[in-house]
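The lines below spell out each chain.
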Amino acid sequence: KEMVVAFLDGPVLQDDAVGAGATMTAEHEEHDDEEGGKTSGAIDKSIVTEATTSTTTGVSTMTTPGNNNTQRKKTTEEQSQEIQKETNIDTILEMASDHLSLGKNALALQAYRRAMKCAFADVMSVKQKLVEVKQKQSSGQLLDTKTNELTIQQEQQFELTLMQVASRVADIHNNMGVVHEMNRHYEKARSSYLDALEVYHNTCKRFEEEGDPDVDRTKKNVERMALACDSEKDRRALHEQSSRISKRVDRERLSFDQRKVLLEEAIRTLHKALELESETIGGSHPVAAGGPPP
């Protein structure tokens, strides 16, 4: 199972990592692929903060075959190719979790898209088998009781499998929202969370306030991102104002008293930004008071 990240006030990644997605269509997948890097969501088991973000661009170590003492660094391109070649969803989700913990959000998002594509293929395969069983039942091909009972059991098993795969799809959508949120793409994060919630509701028949922590977390992610989207313009303006004041202090020849006055103004402005962020994304969120998006 993929490691899931939980912010104190932030988005939540699901254990099996299949985020939101009400309509699982190839068109939706292609649209996500075109969007590029995205933002965050919250996970369950580990805590990811901005401080853990690595500035190293796409390099990890691997042992060179045939020489246990020699290591070389994988390039971002090599890691990207590994993601695209992998077909095991659990392995892909583990890759996504590893990349996210290292601050490699673009690779994490690519891995979640790859996992979504594989999960969607599983959904279609199970649906096809379910249709075949139902066709046999309705066409009168079942001549004896034992065969009929077996087919009914198969149908029930396929329906259960379909629910499980759909839940994974929803978890992946949620986790894609987490990455978007970490990238401060709040509208994209909100869209991913809504997709996850729709799959939980319409396909999995799982609802909030029924003791289902995955659904409850996703609902909270949706609500928080709605607030984040509404306040983003004001928060950005406060961060930019504080940044302009700080740059002026560094750039101009000012007296001690003048510098003190300006720096106090910059601090007051950041306090306003933090207060607004505490009311929306949460004061302990990894991107809170971190300045405007790049």
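Just above sits the structure.
On a predicted model such as this, the values are computed, not experimentally measured, just so you know.

K.L.:
Residues and numbers for the overall build of the protein, please.
P.N.:
From N to C terminus, the protein includes eight helices and two strands. In sequence order, the secondary structure elements of the protein are arranged as α-β-β-α-α-α-α-α-α-α. Of all 294 residues assigned to the protein, the portion counted as buried reaches 42%. The long-range share in the protein, meaning contacts at least 24 apart out of those at least 6 apart in sequence, stands at 75%.

K.L.:
Lay out the pattern of salt bridges with the relevant residues and their values.
P.N.:
Counted under the stated rule, the structure contains ten salt bridges. Between Arg206 and Asp212 there is a salt bridge, and its shortest N-O distance comes to 2.7 Å. The pair formed by Arg206 and Asp212 is uniform in burial state, with each residue classed as buried. One connected set of salt bridges, linked through shared partners, spans Arg206, Asp212, Asp214 and Arg217.

K.L.:
Any chance you could break down the environment of Met176 for me, citing the residues and the numbers?
P.N.:
Here Met176 lies in helix H5 (residues 145-182). Sequence separation between Met176 and Leu109 is 67 residues, and the spatial gap between their C-alpha atoms is 6.3 Å.

K.L.:
Any details on the environment of Asp122? Residues and values, ideally.
P.N.:
By secondary structure assignment, the location of Asp122 is in helix H4 (residues 105-138). Judged by its relative accessible area of 36%, Asp122 falls in the partly exposed class. Put simply, Asp122 and Val169 are 47 residues apart on the chain and 10.0 Å apart in space, counted from C-alpha to C-alpha. Among all residues touching Asp122, those that are not within four sequence positions of it are Ile89 and Val165.

Reading guide: rules and limits
Residues numbered from 1 in each chain as written. Predicted model: local features only at pLDDT ≥ 70, side-chain atom pairs only at ≥ 80, totals over all residues. Heavy atoms only, no water. Helix = DSSP H or I, 4+ residues; strand = E, 2+ residues; numbered from the N terminus. Buried < 20%, exposed > 50% of the residue type's maximum accessible area, 1.4 Å probe, protein only. Contact = heavy atoms within 4.5 Å. Salt bridge = Lys/Arg side-chain N within 4 Å of Asp/Glu carboxyl O.

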